[in-house]
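If you want the building blocks of each chain, they are given just below.
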Amino acid sequence: MTDFLTSPGVFYAILAVFAIGAAGAPALGRSNRAANFWGNGLAIAGSLAGLAFSGAVLIDGRTPAFSADSTLPLLSFSFRLDRLSAFFMAVICFVALLCSVYALGYVRHYYGKYSLGLLGFFYNIFIASMIVVATAHNALFFLIAWEVMSLASYFLVVYEHRESANVRAGSLYLVMTHAGTAFIIFSFLLMHQATGSFDFEAIAGGMAQASPLARNAIFVSALIGFGMKAGFIPLHIWLPSAHPAAPSHVSALMSGVMIKTGIYMLIRICFGIMPAVSLWWGLLIIAIGAVSSLLGVLYALSEHDLKKLLAYHSIENIGIILLGLGSALVFSSLGMDSLAALALAAALFHTVNHATFKALLFLGAGSVIAATHTRNIEKYGGLIKRMPQTALFFLIGSMAISALPPLNGFFSEWLTFQALFQGVNAFDVTTKIVFILAIGSLAFTSGLAAACFVKAFGVTFLARPRSNDASQAKESEIFPRLAMAGLAAAVIGLGLFSGRFLRLLSGVAGSLANTHNAAAADAAGFSSVSVQNGFAQISMPAVFIALGLAAAAIAMAVFLWTRRRRVLTGPTWDCGAALTPRMEITATGFSRSIITVSRRVLRPRSETEIEYHDANRYFPKAGEVTMGLHDIYRTYIYRPLQDLTTVVAGLMTRVQSGNINAYILYILLTLIGLLFFLGSSIPS
């Protein structure tokens, strides 16, 4: 059976299903319903088949490789699925499957407003291109797939093109993603110069001959290029704008899996292509991860746009993944293969965890926004009574991203902590300090993430509605609820059965060249996980049972303590005034103290508007406090770069004068320069 599932024909058939879905959706565009079910139905079928294919590769352990003929030099349409590729393909297909189920109901609110045919076209192309990115085995072929993925996601970001903010977000995303592609191309050209090939296997075999300077240049270029897609600070500025602009099921895909393609290639280059890694590579990535995780969650705390809040949490979680990846590089550079495999497994575990709970949260946010017609959480409130199932799913996602046991986010952060603790135990003073600071950053991040989702869930679903739309909101349709239920089940299952899943990820991490088949941890089935010969142990089923028993014991104690008391039910005491939404704590009020404490980093700005009953301003009628943050990245990094680019472009216009005599002079000078260059390079 696995022979059939992992055959080239099945893989090409999967891509063909997405291609048919993309081609057919515009053809059925006159019927919104037909375009919806065709585009998303084919995406569901392709994702299911892709999940079966990648699952068979992971379970069977084989590495299928195949290619199609190409007449272009250096270009090969070659695919190779090792365990790392299969793992990322499985994550892509799983999230795409449930997002497509969600879209069957969600996109109905676009009927008659925007083209469902175009949405289905770019959506299928987007998923297929991500699969090709994770499986391509030739650098030029990879770049083609990468570009298709970027362009498809751009058109999905600007899908609601009548909103000017969405068009601006798409333009910024397009500029940033192509700046990143330039760095990626530069790193591939350096690899070709060192090895003479664009084939990943040939590059890996020849990189031992490359000089340390070339390897460092490749690493830095790849870090910037793929880092822009991953969205870590300070390369993140496109992410908080682009993710909220896209339709919510696309936001879930972009945040849950697309940004992970950058992480995938960083792992591929550092652990699959480079023969050895340098210590400073790992320390740099740990530093970036610590800054991104901490600042990402602080920025999220200040946000009142629900989808933008979730986008900032993507930056935070990419930072957590980088903490594991950086630790793995440090351990690998020092020849500590088992610890490298442990840290890499932690990074991979958080990758799949973030994909599931972030997709769940984006889908939940999409249902709330579709019901209330706003992304401003200050306009929500009381939705738990009107959307109880969505509230439950959003609560599960909030608990998981806050790393509360026994859900999946807890286990991967626990595993990341264990990897960082091993670094403190093992190294010199400088490296110890980096690891200690990383531990502190991760601890702060976890606490602040919990505070942020107390705000997000409490202000959105509890208390009373603060707008007419919130008071009239209705529960989402069956397809969105089915998709959220599937993701919630995955969040719970990955937490409870983390030991079994860690065994699978240990195989992925141990299969890479720089870990030399080392074991990540001792995972004893469903029961317990032991790290580094008993340095730390945990059993998630035992944690679940302990929490259940504790909750039952508390409930029993409360019952026994209060069973003889009389319970009087009456209206809430409110000083004689009627309860109104104005009495509730707002999102701004909730996060104000934390932002004020961090004012030197975040540089908040506050605006207060007061409406008075009289012209003399003695009796205030209403007041509103708006809190925002200065965009220090635009001010100090991107705006100076933009100004410099404008100046250089202005100088270049002088060269392009429109005078044909000047152009002939340029050609003559270029020829003379080339002759001198060639003459000096020919040996006498």
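As the structure is a prediction and not an experimental result, all values here were calculated from the model. (Residues numbered from 1 in each chain as written. Predicted model: local features only at pLDDT ≥ 70, side-chain atom pairs only at ≥ 80, totals over all residues. Heavy atoms only, no water.)

S.K.: Describe in detail the overall build of the protein, supporting the description with residues and values.
M.R.: The helix and strand tally for the protein stands at 26 helices and seven strands. Taking 2.2 N^0.38 as the reference for a compact globule, 684 residues should give roughly 26 Å; the C-alpha atoms of the protein span a radius of gyration of 27 Å, in line with that estimate. The principal-axis extents of the C-alpha atoms in the protein amount to approximately 105 × 70 × 60 Å. Pairs at least 24 residues apart make up 78% of the contacts formed inside the protein by residues separated by at least 6 positions. For the protein, the exposed surface amounts to about 29,500 Å²; the carbon and sulfur share of it is 65%. In the protein, 43 positive and 29 negative side-chain charges are present, and the distance between their average locations comes to 7 Å. (Helix = DSSP H or I, 4+ residues; strand = E, 2+ residues; numbered from the N terminus. Rg over C-alpha atoms; globule rule 2.2 N^0.38 Å. Contact = heavy atoms within 4.5 Å. Areas by Shrake-Rupley, 256 points an atom, 1.4 Å probe, with all protein chains shown as cover. Lys, Arg positive; Asp, Glu negative; His and termini not counted. Charge placed at Lys NZ, Arg CZ, Asp CG, Glu CD.)

S.K.: Could you give me a rundown of the layout of surface pockets, with the residues and numbers involved?
M.R.: Of the volumes computed, that of the largest pocket is approximately 1,200 Å³. Residue lining of the largest pocket: 35 residues in total, with His304, Glu378, Thr588, Thr626 and Met627 positioned closest to the centre. Put simply, the parts of the chain that give the lining of the largest pocket at least two residues each are helix 10 (239-245), helix 12 (279-302), helix 13 (306-333), helix 23 (587-597), strand 7 (620-629) and helix 25 (632-655). Considering each element in turn, the lining of the largest pocket owes the most residues, seven residues, to strand 7. For the lining of the largest pocket, the per-class residue count stands at 10 nonpolar, 12 polar and 13 charged. (1 Å grid on protein atoms, 1.4 Å probe; cavity = no way out; pocket = protein on both sides within 12 Å on 5 of 7 lines; lining within 4 Å. Points joined across faces, edges and corners; volume = space filled by probe spheres on them. Nonpolar A, V, L, I, M, F, W, Y, C, P; charged D, E, K, R; others polar.)

S.K.: Give a description of the packing of helix 12 against helix 23 that names residues and reports values.
M.R.: One can describe the packing of helix 12 onto helix 23 by two numbers: an axis separation of 8 Å at closest approach and a directional angle of 140 degrees. In terms of their interaxial angle, helix 12 and helix 23 are classed as oblique. Where helix 12 crosses over helix 23, the handedness of that crossing is left-handed. Counted together, Leu298, Leu301 and Ser302 of helix 12 and Ser591, Ile594 and Ile595 of helix 23 form the full contact between these two elements. (Axes fitted to C-alpha atoms, helices over the stretch in contact; angles between N-to-C directions. Parallel < 35°, antiparallel > 145°, perpendicular 65-115°, else oblique. Left-handed = near helix turned anticlockwise from the far one by under 90°.)

S.K.: Outline empty space enclosed by the protein, supporting the account with residue identities and numerical values.
M.R.: Within the structure shown, the criterion is met by two cavities of 30 Å³ or more. In this structure, the largest cavity spans a volume of roughly 50 Å³. Classifying every residue of the lining of the largest cavity by side-chain character gives five nonpolar, five polar and no charged.

S.K.: Go over unusual backbone geometry with me, naming the residues and quoting the values.
M.R.: Following isoleucine 233, the chain continues to proline 234 via a peptide bond in cis, the omega torsion being 10 degrees. Note on placement: proline 234 falls in the loop between helix 9 (212-230) and helix 10. Residue proline 405 is joined to proline 406 through a cis peptide bond whose omega torsion reads 5 degrees. In the Ramachandran plot, alanine 403 falls in the positive-phi region, its phi being about 60 degrees despite a non-glycine side chain. Here alanine 403 shows up in the loop between helix 16 (388-401) and helix 17 (408-426).

S.K.: Describe in detail the pattern of salt bridges, supporting the description with residues and values.
M.R.: In the structure shown here, the tally under the stated rule is six salt bridges. The salt bridge partner of arginine 80 is aspartate 82, with a shortest N-O separation of 3.9 Å. Exposure remark for arginine 80: the relative accessible area of 25% places this residue in the partly exposed category. (Salt bridge = Lys/Arg side-chain N within 4 Å of Asp/Glu carboxyl O. Buried < 20%, exposed > 50% of the residue type's maximum accessible area, 1.4 Å probe, protein only.)

S.K.: Let's hear about the side chain of lysine 260: which residues, and what values?
M.R.: As for its position among the elements, lysine 260 is in helix 11 (residues 248-273). It turns out lysine 260 is buried and unbridged, and the closest side chain with the opposite charge, glutamate 316, is 12 Å from it. A distance of 2.8 Å separates a polar atom in the side chain of lysine 260 from a polar atom in the side chain of histidine 354. (Polar contact = N/O pair within 3.5 Å; in protein donor to acceptor, adjacent residues only side chain to side chain.)

Keep in mind that these numbers describe shape and distance, not what the molecule does.
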